[in-house]
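Single-letter residue listing:
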Amino acid sequence: MRTRLSDHVKDRLGTFGLIVPSIAQCAVGAALAWVIARELLGHPAPFFAPISVLICVGIGLGQRLRRVVELVVGVSLGVGVGDLLVSWIGSGAWQIALVVALAMTIAGLLDSGALFVAQAGSSAVLVVTLVPGAGVGGLDRTLDALTGGLIGIAAVALLPASPFAIAAKHLSGVLDALSTVLERAAEAIEKRDVDLAAEALEEARGTQAAVEEFEQALETSKEITMISPLHWHRRARLARYETAAVPVDLALRNARVLSRRTLSSLGEASPPPATLAEAMREVSEAALLLQLELGAGREPTLAQQALLAVAARERPEQLGFSAHVIIAQLRSVVVDLLQATGMEHEEATAALTPLDRPDEA
(Lines give C-alpha, C1' and ligand atoms only; values in the text may rest on other atoms or scores of the structure.)
Protein backbone atom coordinates (compact mmCIF):
# COMPACT_ATOMS: atom_id res chain seq x y z
CA MET A 1 0.00 0.00 0.00
CA ARG A 2 2.78 2.38 0.98
CA THR A 3 4.70 1.58 -2.22
CA ARG A 4 1.63 2.32 -4.36
CA LEU A 5 1.08 5.63 -2.57
CA SER A 6 4.75 6.54 -3.00
CA ASP A 7 4.62 5.70 -6.71
CA HIS A 8 1.45 7.76 -7.11
CA VAL A 9 3.03 10.76 -5.37
CA LYS A 10 6.15 10.48 -7.55
CA ASP A 11 4.02 10.26 -10.68
CA ARG A 12 1.96 13.32 -9.68
CA LEU A 13 5.11 15.30 -8.87
CA GLY A 14 6.62 14.32 -12.21
CA THR A 15 3.46 15.40 -14.04
CA PHE A 16 3.34 18.65 -12.06
CA GLY A 17 6.94 19.33 -13.03
CA LEU A 18 5.90 19.28 -16.68
CA ILE A 19 3.21 21.95 -16.21
CA VAL A 20 5.25 24.31 -14.01
CA PRO A 21 6.59 26.20 -17.08
CA SER A 22 3.02 26.60 -18.38
CA ILE A 23 1.89 27.99 -15.03
CA ALA A 24 4.74 30.50 -15.14
CA GLN A 25 3.90 31.40 -18.74
CA CYS A 26 0.24 31.97 -17.82
CA ALA A 27 1.02 34.06 -14.74
CA VAL A 28 3.68 36.29 -16.30
CA GLY A 29 1.90 36.55 -19.65
CA ALA A 30 -1.49 37.45 -18.13
CA ALA A 31 0.02 40.27 -16.07
CA LEU A 32 2.06 41.57 -19.00
CA ALA A 33 -0.91 41.46 -21.40
CA TRP A 34 -3.02 43.48 -18.93
CA VAL A 35 -0.31 46.12 -18.57
CA ILE A 36 0.23 46.44 -22.33
CA ALA A 37 -3.48 46.63 -23.17
CA ARG A 38 -4.18 49.10 -20.36
CA GLU A 39 -1.10 51.34 -20.48
CA LEU A 40 -0.03 51.21 -24.14
CA LEU A 41 -3.38 50.67 -25.87
CA GLY A 42 -5.34 52.75 -23.37
CA HIS A 43 -8.12 50.23 -22.71
CA PRO A 44 -9.63 50.83 -19.24
CA ALA A 45 -10.68 47.22 -18.56
CA PRO A 46 -8.86 44.89 -20.99
CA PHE A 47 -10.21 41.63 -19.58
CA PHE A 48 -9.83 39.84 -22.93
CA ALA A 49 -6.03 40.33 -22.91
CA PRO A 50 -5.13 38.15 -19.87
CA ILE A 51 -7.91 35.68 -20.70
CA SER A 52 -6.43 35.25 -24.18
CA VAL A 53 -3.05 34.41 -22.67
CA LEU A 54 -4.60 31.65 -20.56
CA ILE A 55 -6.49 30.21 -23.52
CA CYS A 56 -3.45 30.38 -25.77
CA VAL A 57 -0.94 28.89 -23.33
CA GLY A 58 -3.15 26.74 -21.09
CA ILE A 59 -1.65 24.05 -18.87
CA GLY A 60 -2.48 21.17 -21.18
CA LEU A 61 -1.14 19.97 -24.49
CA GLY A 62 -2.41 21.45 -27.73
CA GLN A 63 -1.79 23.51 -30.83
CA ARG A 64 -1.13 27.02 -29.57
CA LEU A 65 -0.66 28.72 -32.94
CA ARG A 66 -4.05 27.45 -34.07
CA ARG A 67 -5.52 28.60 -30.75
CA VAL A 68 -4.36 32.16 -31.35
CA VAL A 69 -5.93 32.30 -34.81
CA GLU A 70 -9.18 30.75 -33.59
CA LEU A 71 -9.20 33.05 -30.58
CA VAL A 72 -8.76 36.32 -32.45
CA VAL A 73 -11.07 35.43 -35.35
CA GLY A 74 -13.68 33.95 -33.00
CA VAL A 75 -13.63 37.03 -30.76
CA SER A 76 -13.88 39.31 -33.77
CA LEU A 77 -16.84 37.37 -35.15
CA GLY A 78 -18.66 37.30 -31.83
CA VAL A 79 -18.01 40.96 -31.14
CA GLY A 80 -19.09 41.96 -34.64
CA VAL A 81 -22.35 40.03 -34.53
CA GLY A 82 -23.02 41.18 -30.98
CA ASP A 83 -22.35 44.86 -31.66
CA LEU A 84 -24.47 44.81 -34.81
CA LEU A 85 -27.49 43.17 -33.22
CA VAL A 86 -27.35 44.97 -29.87
CA SER A 87 -27.49 48.31 -31.65
CA TRP A 88 -30.78 47.17 -33.23
CA ILE A 89 -32.51 45.04 -30.60
CA GLY A 90 -30.93 46.06 -27.28
CA SER A 91 -29.94 43.59 -24.54
CA GLY A 92 -31.81 41.07 -22.42
CA ALA A 93 -32.47 37.36 -22.04
CA TRP A 94 -33.96 36.67 -25.47
CA GLN A 95 -31.40 38.96 -27.09
CA ILE A 96 -28.61 36.87 -25.52
CA ALA A 97 -30.14 33.67 -26.90
CA LEU A 98 -30.50 35.15 -30.37
CA VAL A 99 -27.01 36.69 -30.52
CA VAL A 100 -25.27 33.56 -29.19
CA ALA A 101 -27.17 31.27 -31.56
CA LEU A 102 -26.38 33.44 -34.56
CA ALA A 103 -22.70 33.97 -33.67
CA MET A 104 -22.08 30.26 -33.01
CA THR A 105 -23.99 29.23 -36.14
CA ILE A 106 -21.84 31.47 -38.32
CA ALA A 107 -18.68 30.27 -36.57
CA GLY A 108 -19.70 26.62 -36.98
CA LEU A 109 -20.29 27.09 -40.69
CA LEU A 110 -16.88 28.76 -41.10
CA ASP A 111 -14.85 26.36 -38.94
CA SER A 112 -15.92 23.49 -36.66
CA GLY A 113 -13.01 24.05 -34.26
CA ALA A 114 -14.34 23.92 -30.68
CA LEU A 115 -12.35 26.95 -29.50
CA PHE A 116 -13.39 29.03 -32.51
CA VAL A 117 -17.11 28.36 -32.02
CA ALA A 118 -16.91 28.81 -28.23
CA GLN A 119 -15.06 32.12 -28.55
CA ALA A 120 -17.62 33.47 -30.98
CA GLY A 121 -20.44 32.57 -28.57
CA SER A 122 -18.74 33.83 -25.39
CA SER A 123 -17.68 37.08 -27.06
CA ALA A 124 -21.23 37.68 -28.21
CA VAL A 125 -22.46 37.13 -24.63
CA LEU A 126 -19.96 39.66 -23.27
CA VAL A 127 -20.98 42.23 -25.86
CA VAL A 128 -24.68 41.85 -25.06
CA THR A 129 -24.17 41.98 -21.31
CA LEU A 130 -21.34 44.53 -21.01
CA VAL A 131 -21.54 46.89 -23.95
CA PRO A 132 -24.49 48.97 -22.73
CA GLY A 133 -22.64 50.21 -19.66
CA ALA A 134 -19.01 49.48 -20.34
CA GLY A 135 -18.23 52.01 -23.07
CA VAL A 136 -15.84 49.57 -24.70
CA GLY A 137 -15.99 48.98 -28.45
CA GLY A 138 -15.65 45.73 -30.35
CA LEU A 139 -12.34 46.77 -31.88
CA ASP A 140 -10.87 47.20 -28.40
CA ARG A 141 -11.84 43.65 -27.48
CA THR A 142 -10.36 42.29 -30.69
CA LEU A 143 -7.08 44.13 -30.02
CA ASP A 144 -7.07 42.78 -26.46
CA ALA A 145 -7.50 39.23 -27.78
CA LEU A 146 -4.70 39.70 -30.31
CA THR A 147 -2.43 41.22 -27.64
CA GLY A 148 -3.05 38.33 -25.28
CA GLY A 149 -2.51 35.76 -28.01
CA LEU A 150 0.80 37.27 -29.09
CA ILE A 151 1.97 37.60 -25.48
CA GLY A 152 1.05 33.95 -24.98
CA ILE A 153 3.17 32.88 -27.94
CA ALA A 154 6.05 35.06 -26.71
CA ALA A 155 5.79 33.46 -23.26
CA VAL A 156 6.01 29.98 -24.79
CA ALA A 157 9.06 31.07 -26.82
CA LEU A 158 10.94 32.79 -24.00
CA LEU A 159 9.84 30.66 -21.03
CA PRO A 160 9.55 27.28 -22.74
CA ALA A 161 8.91 23.90 -21.19
CA SER A 162 11.39 21.25 -22.26
CA PRO A 163 9.98 19.63 -25.41
CA PHE A 164 12.14 16.58 -24.76
CA ALA A 165 10.87 16.13 -21.21
CA ILE A 166 7.28 16.30 -22.48
CA ALA A 167 7.89 13.79 -25.27
CA ALA A 168 9.97 11.48 -23.05
CA LYS A 169 7.39 11.47 -20.26
CA HIS A 170 4.56 10.39 -22.56
CA LEU A 171 6.56 7.94 -24.66
CA SER A 172 7.68 6.39 -21.39
CA GLY A 173 4.03 5.78 -20.53
CA VAL A 174 3.44 4.05 -23.87
CA LEU A 175 6.53 1.82 -23.65
CA ASP A 176 5.87 1.02 -19.99
CA ALA A 177 2.38 -0.12 -20.98
CA LEU A 178 3.77 -2.27 -23.81
CA SER A 179 6.39 -3.81 -21.52
CA THR A 180 3.78 -4.57 -18.85
CA VAL A 181 1.44 -6.28 -21.31
CA LEU A 182 4.23 -8.52 -22.63
CA GLU A 183 5.53 -9.29 -19.15
CA ARG A 184 2.12 -10.32 -17.83
CA ALA A 185 1.38 -12.40 -20.91
CA ALA A 186 4.74 -14.16 -20.48
CA GLU A 187 4.03 -14.87 -16.82
CA ALA A 188 0.58 -16.20 -17.70
CA ILE A 189 2.13 -18.64 -20.18
CA GLU A 190 4.77 -19.82 -17.70
CA LYS A 191 2.27 -20.37 -14.89
CA ARG A 192 -0.61 -21.52 -17.14
CA ASP A 193 -2.63 -18.86 -15.31
CA VAL A 194 -5.82 -17.74 -17.05
CA ASP A 195 -6.36 -14.89 -14.57
CA LEU A 196 -2.95 -13.42 -15.38
CA ALA A 197 -3.70 -13.69 -19.08
CA ALA A 198 -6.99 -11.87 -18.50
CA GLU A 199 -5.12 -9.12 -16.62
CA ALA A 200 -2.69 -8.78 -19.53
CA LEU A 201 -5.61 -8.43 -21.94
CA GLU A 202 -7.29 -5.83 -19.72
CA GLU A 203 -4.03 -3.90 -19.50
CA ALA A 204 -3.65 -4.02 -23.27
CA ARG A 205 -7.18 -2.74 -23.88
CA GLY A 206 -6.46 0.36 -21.80
CA THR A 207 -3.33 1.43 -23.66
CA GLN A 208 -4.87 3.56 -26.40
CA ALA A 209 -5.20 6.56 -24.10
CA ALA A 210 -1.44 6.53 -23.50
CA VAL A 211 -0.82 6.47 -27.26
CA GLU A 212 -3.13 9.41 -27.87
CA GLU A 213 -1.52 11.41 -25.06
CA PHE A 214 1.91 10.75 -26.54
CA GLU A 215 0.78 11.89 -29.99
CA GLN A 216 -0.60 15.11 -28.52
CA ALA A 217 2.55 15.62 -26.43
CA LEU A 218 4.70 15.13 -29.53
CA GLU A 219 2.73 17.81 -31.39
CA THR A 220 3.25 20.18 -28.47
CA SER A 221 6.97 19.38 -28.34
CA LYS A 222 7.34 20.02 -32.08
CA GLU A 223 5.51 23.31 -31.68
CA ILE A 224 7.80 24.41 -28.85
CA THR A 225 10.92 23.65 -30.91
CA MET A 226 9.43 25.66 -33.77
CA ILE A 227 8.46 28.67 -31.62
CA SER A 228 11.32 28.84 -29.12
CA PRO A 229 14.78 29.89 -30.36
CA LEU A 230 16.22 28.18 -27.28
CA HIS A 231 15.47 24.77 -28.82
CA TRP A 232 16.04 25.35 -32.53
CA HIS A 233 19.47 23.74 -32.49
CA ARG A 234 18.20 20.54 -30.84
CA ARG A 235 15.45 19.50 -33.22
CA ALA A 236 17.36 16.39 -34.26
CA ARG A 237 16.87 14.93 -30.80
CA LEU A 238 13.11 15.32 -31.06
CA ALA A 239 13.20 13.66 -34.49
CA ARG A 240 13.94 10.34 -32.74
CA TYR A 241 10.59 10.59 -30.98
CA GLU A 242 8.86 11.39 -34.26
CA THR A 243 10.45 8.28 -35.78
CA ALA A 244 9.17 6.15 -32.90
CA ALA A 245 5.61 7.51 -32.79
CA VAL A 246 3.80 5.41 -35.42
CA PRO A 247 5.77 2.15 -34.90
CA VAL A 248 5.17 2.22 -31.14
CA ASP A 249 1.45 2.69 -31.72
CA LEU A 250 1.46 -0.31 -34.08
CA ALA A 251 3.45 -2.35 -31.54
CA LEU A 252 0.77 -1.77 -28.91
CA ARG A 253 -1.98 -2.73 -31.35
CA ASN A 254 -0.18 -5.99 -32.08
CA ALA A 255 0.35 -6.55 -28.35
CA ARG A 256 -3.42 -6.33 -27.84
CA VAL A 257 -3.98 -9.14 -30.33
CA LEU A 258 -1.13 -11.10 -28.72
CA SER A 259 -2.63 -10.81 -25.23
CA ARG A 260 -6.09 -11.81 -26.48
CA ARG A 261 -4.66 -14.88 -28.18
CA THR A 262 -2.60 -15.71 -25.08
CA LEU A 263 -5.80 -15.94 -23.06
CA SER A 264 -7.35 -18.22 -25.69
CA SER A 265 -4.26 -20.42 -25.90
CA LEU A 266 -4.36 -21.43 -22.24
CA GLY A 267 -7.57 -23.35 -22.88
CA GLU A 268 -6.10 -25.39 -25.73
CA ALA A 269 -4.66 -28.87 -25.60
CA SER A 270 -1.24 -27.56 -26.71
CA PRO A 271 -0.55 -24.37 -24.73
CA PRO A 272 2.37 -22.13 -25.74
CA PRO A 273 5.82 -23.35 -24.63
CA ALA A 274 7.93 -21.59 -22.01
CA THR A 275 10.43 -20.56 -24.70
CA LEU A 276 7.75 -18.28 -26.14
CA ALA A 277 7.39 -16.59 -22.75
CA GLU A 278 11.16 -16.00 -22.72
CA ALA A 279 10.96 -14.28 -26.09
CA MET A 280 8.14 -12.06 -24.81
CA ARG A 281 10.27 -11.04 -21.84
CA GLU A 282 13.19 -10.17 -24.08
CA VAL A 283 10.96 -7.91 -26.20
CA SER A 284 9.55 -6.38 -23.01
CA GLU A 285 13.06 -5.55 -21.81
CA ALA A 286 13.98 -4.17 -25.23
CA ALA A 287 11.02 -1.78 -25.02
CA LEU A 288 12.34 -0.47 -21.69
CA LEU A 289 15.82 -0.13 -23.20
CA LEU A 290 14.35 1.95 -26.01
CA GLN A 291 12.66 4.16 -23.43
CA LEU A 292 15.91 4.70 -21.50
CA GLU A 293 18.07 5.39 -24.54
CA LEU A 294 15.68 7.90 -26.09
CA GLY A 295 15.23 9.60 -22.71
CA ALA A 296 19.00 9.96 -22.42
CA GLY A 297 19.22 11.51 -25.89
CA ARG A 298 21.18 8.59 -27.35
CA GLU A 299 20.73 6.54 -30.48
CA PRO A 300 18.82 3.39 -29.38
CA THR A 301 21.53 0.96 -30.42
CA LEU A 302 21.24 -1.34 -27.37
CA ALA A 303 17.50 -1.69 -27.85
CA GLN A 304 18.04 -2.43 -31.53
CA GLN A 305 20.62 -5.13 -30.74
CA ALA A 306 18.30 -6.74 -28.21
CA LEU A 307 15.46 -6.81 -30.72
CA LEU A 308 17.67 -8.23 -33.47
CA ALA A 309 18.64 -11.04 -31.09
CA VAL A 310 14.97 -11.92 -30.60
CA ALA A 311 14.32 -11.67 -34.34
CA ALA A 312 17.09 -14.20 -35.03
CA ARG A 313 15.74 -16.81 -32.61
CA GLU A 314 14.50 -20.10 -34.04
CA ARG A 315 10.77 -20.74 -34.01
CA PRO A 316 9.62 -23.40 -31.49
CA GLU A 317 8.27 -26.61 -33.03
CA GLN A 318 4.95 -28.44 -32.63
CA LEU A 319 2.86 -25.43 -31.70
CA GLY A 320 -0.88 -25.15 -31.38
CA PHE A 321 -2.93 -22.71 -33.46
CA SER A 322 -2.97 -19.91 -30.87
CA ALA A 323 0.77 -20.25 -30.26
CA HIS A 324 1.37 -19.72 -33.99
CA VAL A 325 -0.75 -16.55 -33.83
CA ILE A 326 1.15 -15.35 -30.75
CA ILE A 327 4.46 -15.82 -32.54
CA ALA A 328 3.19 -13.94 -35.57
CA GLN A 329 2.09 -11.03 -33.39
CA LEU A 330 5.35 -11.05 -31.41
CA ARG A 331 7.29 -10.94 -34.67
CA SER A 332 5.19 -7.94 -35.70
CA VAL A 333 5.94 -6.22 -32.38
CA VAL A 334 9.66 -6.82 -32.95
CA VAL A 335 9.47 -5.29 -36.43
CA ASP A 336 7.52 -2.31 -35.08
CA LEU A 337 10.07 -1.66 -32.33
CA LEU A 338 12.98 -2.04 -34.75
CA GLN A 339 11.37 0.66 -36.86
CA ALA A 340 11.01 2.76 -33.72
CA THR A 341 14.79 2.56 -33.33
CA GLY A 342 15.17 4.03 -36.83
CA MET A 343 15.43 0.89 -38.94
CA GLU A 344 13.57 0.74 -42.26
CA HIS A 345 10.63 -1.67 -42.51
CA GLU A 346 12.25 -3.87 -45.17
CA GLU A 347 15.45 -4.19 -43.14
CA ALA A 348 13.54 -4.97 -39.94
CA THR A 349 11.46 -7.64 -41.68
CA ALA A 350 14.55 -9.20 -43.23
CA ALA A 351 16.07 -9.61 -39.76
CA LEU A 352 13.37 -12.12 -38.78
CA THR A 353 14.10 -15.82 -38.92
CA PRO A 354 12.14 -17.29 -41.88
CA LEU A 355 9.02 -19.16 -40.82
CA ASP A 356 9.63 -21.91 -43.38
CA ARG A 357 12.91 -23.78 -42.88
CA PRO A 358 14.70 -25.03 -46.01
CA ASP A 359 14.09 -28.68 -45.04
CA GLU A 360 10.34 -27.96 -44.77
CA ALA A 361 10.04 -26.37 -48.21
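Residues numbered from 1 in each chain as written. Predicted model: local features only at pLDDT ≥ 70, side-chain atom pairs only at ≥ 80, totals over all residues. Heavy atoms only, no water.

Student: Whenever I open this one, the overall build of the chain confuses me. Can you help?
Tutor: Within the chain one finds 14 helices and zero strands. Helices and strands appear in the chain in the N-to-C order α-α-α-α-α-α-α-α-α-α-α-α-α-α. Out of the 361 residues belonging to the chain, those deemed buried represent 45%. Within the chain, contacts between residues separated by at least 24 positions form 78% of all contacts whose residues are at least 6 apart in sequence. Per element, the accessible surface of the chain, about 17300 Å² overall, is 62% carbon and sulfur. (Helix = DSSP H or I, 4+ residues; strand = E, 2+ residues; numbered from the N terminus. Buried < 20%, exposed > 50% of the residue type's maximum accessible area, 1.4 Å probe, protein only. Contact = heavy atoms within 4.5 Å. Areas by Shrake-Rupley, 256 points an atom, 1.4 Å probe, with all protein chains shown as cover.)

Student: Explanation requested: the pattern of salt bridges in the structure shown.
Tutor: Any two side chains of opposite charge can pair if their charged atoms end up close together. Going through the model one piece at a time under the given rule, you end up with ten salt bridges. Note that arginine 281 and glutamate 190 form a salt bridge whose closest N and O atoms lie 2.6 Å from each other. You can see arginine 281 sitting in helix H11 (residues 274-295) and its partner glutamate 190 sitting in helix H7 (residues 163-191), a full 91 residues away along the chain. Taking the shortest distance from any N to any O, the salt bridge between glutamate 219 and lysine 222 comes out at 3.4 Å. (Salt bridge = Lys/Arg side-chain N within 4 Å of Asp/Glu carboxyl O.)

Student: Before we go on, may I ask you to explain a nonpolar patch on the surface in this structure?
Tutor: The grouping of Leu40, Leu41, Leu139, Leu143, Leu146 and Leu150 at the surface amounts to a nonpolar patch, some 570 Å² of accessible area in total. Taking relative accessible area as the criterion, leucine 40 reaches 69% and is therefore assigned exposed. (Patch = residues over 30% accessible without salt bridge, like charges linked within 9 Å, V, L, I, M, F, W, Y side chains within 5 Å.)

Student: Got a minute to help me understand helix H12 (residues 301-311) in this structure?
Tutor: Note: α-helices contain 3.6 residues per turn, so residues at a spacing of three or four share the same orientation. For H12, every residue scored as buried is listed here: Ala303, Leu307, Val310 and Ala311. Taken down its axis, H12 places every buried residue within 100 degrees of arc, on the same side. For H12, the elements touching its buried residues are H11 and helix H13 (321-340). (Arc of directions from axis to C-beta.)

Student: So what exactly am I meant to see when it comes to the nonpolar core here?
Tutor: Among soluble globular proteins, nonpolar side chains are generally buried collectively. One finds Leu175, Leu178, Met280, Val283, Leu330, Val334 and Leu337 to be the most contacted residues of the largest nonpolar core, which totals 53 residues. Going through the elements one at a time, H7, helix H8 (194-205), helix H9 (208-227), helix H10 (235-265), H11, H12 and H13 are the ones with two or more residues in this core. Counting residues per element, this core draws most heavily on H7, at eleven residues. If sequence neighbours within four positions are ignored, valine 283 has contacts with Leu182, Leu307, Val310, Leu330, Val333, Val334 and Leu337. (Core = buried A, V, L, I, M, F, W, Y, C linked by side-chain atoms within 4.5 Å.)

Student: Looking at this structure, how should I read the environment of alanine 186?
Tutor: Its place among the elements puts alanine 186 in helix H7. For alanine 186, a relative accessible area of 0% corresponds to the buried category. Residues in contact with alanine 186, not counting those within four places in the same chain, are Ala277, Met280 and Arg281.

Student: Whenever I open this one, unusual backbone geometry confuses me. Can you help?
Tutor: Most peptide bonds take the trans configuration, and most residues that are not glycine carry a negative phi. For arginine 192, which is not a glycine, the phi torsion comes out positive at approximately 50 degrees. By secondary structure assignment, the location of arginine 192 is in the loop between H7 and H8.

Student: Looking at this model, I keep getting lost on the packing of H11 against H13. Mind explaining?
Tutor: Any two packed helices are characterised by how steeply their axes cross, that is the angle between the axes, and by the distance between the axes. Interaxial distance between H11 and H13 falls to 11 Å at its minimum, and their mutual angle equals 20 degrees. What the angle tells us is that H11 and H13 run roughly parallel. H11 and H13 meet at a crossing whose hand is left-handed. Together, Leu276, Ala279, Met280, Val283, Ala287 and Leu290 of H11 and Ala323, Ile326, Ile327, Leu330, Val333, Val334, Leu337 and Ala340 of H13 make up the contact between the two elements. Its residues assigned to classes, the contact of H11 with H13 shows 14 nonpolar, no polar and no charged. (Axes fitted to C-alpha atoms, helices over the stretch in contact; angles between N-to-C directions. Parallel < 35°, antiparallel > 145°, perpendicular 65-115°, else oblique. Left-handed = near helix turned anticlockwise from the far one by under 90°. Nonpolar A, V, L, I, M, F, W, Y, C, P; charged D, E, K, R; others polar.)

Student: Sorry, what's going on with the confidence of the model for the chain here?
Tutor: Mean pLDDT for the chain: 80, with 80% of residues reaching 70 or above. Looking at the elements of the chain, mean pLDDT is at its lowest for helix H5 (residues 114-134), recorded as 65, and at its highest for H12, recorded as 94. Predicted confidence is poor over residues 357-361, with pLDDT under 50, and the contacts of this stretch with residues over four places away or in other chains come to five contacts. (pLDDT = per-residue confidence, 0-100.)

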